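One-letter residues, chain by chain:
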Amino acid sequence: MRKNRRIGGDAVGDTERDAAAFAAAQVAAVRDDPAGRLDLARTMYEEPIGRRAPRLRFQRAAFAFMRWMAERGVLNPLDGTRPGSRWWRAMNERILRDSCEALARAAGRGGPPSTTAVEHWTAFIDQPTARSWYRAHNASVVTAYLEHRDLAALENRIECFFLNVVLARVLYAHALVAAPRLALGPVARCGPVLADPRRGTVDIFLAMGRVLPDGYPAEGELRDYLHLERKLGRVLDYAVIQPRLRRLYDWSAEALDRPELGELVVDDAPAYVWPPEDRQAWRPPRLSFTARALGSLTAPR
């Protein structure tokens, strides 16, 4: 049975700590409990007393991004029989801490916001929209990427490749809603509908089980996984996202107040813990006629 967590209230017998300290304690309590992490994430989208919240429908996107983490095992305890990933655990904790802190502040706890991302989560709580959700969620994601490059460097080559793919996907989903002309060119009006976090179509971009290998850590050779990537993912990554990668990262850096994000693209190729000279993996494969047509239709103007 799912636990009913109350964020910001006195259910845990603590009314003294400020919002940041409270959030840190909440996250620490579920650090080695993937199901507990999911429960804690769920509180962002529910009223503390169980009433329906205006932000409830945004739960779909959040869980599309998070549930596969638990299923893949990257959130598992580090000392378990199937150890998780230090990087993925840290990234997930960043999202949990920022959103939990913002909700605690909304419930009356004090203290200054510990990160800029907390301010974006507060804006989402105040006015739940597709734009405000993506800005909050991706601000936490990008903060984690920038904070934990040392942990990412511990991952193998295949995992590092897909860390770049995941980042490009989440940034692109945000652009579909907030900068659709950048994301889709002449068919920009389709963007906000396709990536609305309240709609099932958001799974195309945020359900990363479509992108990453099922097991962690991935083993073998990277080329084996590239051949297995689903056709829709291949079209999205190579025909649609890659031609606008530099513009996408520059726009995201400004939208999320993180200028360092622009450093994660070098010579129009992803470069997060990835050597710029290793460009072979980012070269587009031979695409089908349909893929080339879609790339032409959505080409940035």
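For clarity, every value in this text was computed on a predicted model and none was experimentally measured.

1. Description of the overall build of the protein
Consideration 1: Of regular secondary structure, the protein possesses 15 helices and two strands.
Consideration 2: Taking all 301 residues of the protein together, 55% fall into the buried category.
Consideration 3: Within the protein, contacts between residues at least 6 apart in sequence are counted, and of these 67% link residues at least 24 apart.
Consideration 4: Carbon and sulfur atoms make up 50% of the accessible area of the protein, which totals about 13,800 Å².

2. Side note on helix H3 (residues 59-72)
Consideration 1: For H3, spanning 14 residues, the distance from its first C-alpha to its last is 20 Å, which sits close to the expected 20 Å at 1.5 Å a residue.
Consideration 2: At phenylalanine 65, H3 is bent by approximately 30 degrees, the largest bend along its length.
Consideration 3: For H3, the full list of buried residues reads Ala61, Ala62, Phe63, Ala64, Phe65, Met66, Trp68, Met69 and Arg72.
Consideration 4: Lining the buried residues of H3 we find helix H2 (34-42), helix H4 (86-106), helix H6 (130-147), helix H8 (157-178) and helix H11 (203-206).

3. Structural notes on the environment of arginine 60
Consideration 1: Mapped onto the secondary structure, arginine 60 falls in helix H3.
Consideration 2: Note on arginine 60: relative accessible area 41%, which makes it partly exposed.
Consideration 3: The spatial distance from the C-alpha of arginine 60 to the C-alpha of valine 202 is 8.5 Å, given a sequence separation of 142 residues.

4. Notes on the pattern of salt bridges
Consideration 1: What the rule picks out here adds up to 14 salt bridges.
Consideration 2: For arginine 198, the salt bridge goes to aspartate 196, with nearest N and O atoms at 3.0 Å.
Consideration 3: When its relative accessible area of 29% is taken as the criterion, arginine 198 is described as partly exposed.
Consideration 4: Judged by its relative accessible area of 11%, aspartate 196 is buried.
Consideration 5: A single network of salt bridges, built from pairs that share partners, joins Arg31, Arg37 and Glu93.

The rules behind these values
Residues numbered from 1 in each chain as written. Predicted model: local features only at pLDDT ≥ 70, side-chain atom pairs only at ≥ 80, totals over all residues. Heavy atoms only, no water. Helix = DSSP H or I, 4+ residues; strand = E, 2+ residues; numbered from the N terminus. Buried < 20%, exposed > 50% of the residue type's maximum accessible area, 1.4 Å probe, protein only. Contact = heavy atoms within 4.5 Å. Areas by Shrake-Rupley, 256 points an atom, 1.4 Å probe, with all protein chains shown as cover. Expected span 1.5 Å × (residues − 1). Bend = angle between axes of the 7 residues up to and from the residue. Salt bridge = Lys/Arg side-chain N within 4 Å of Asp/Glu carboxyl O.

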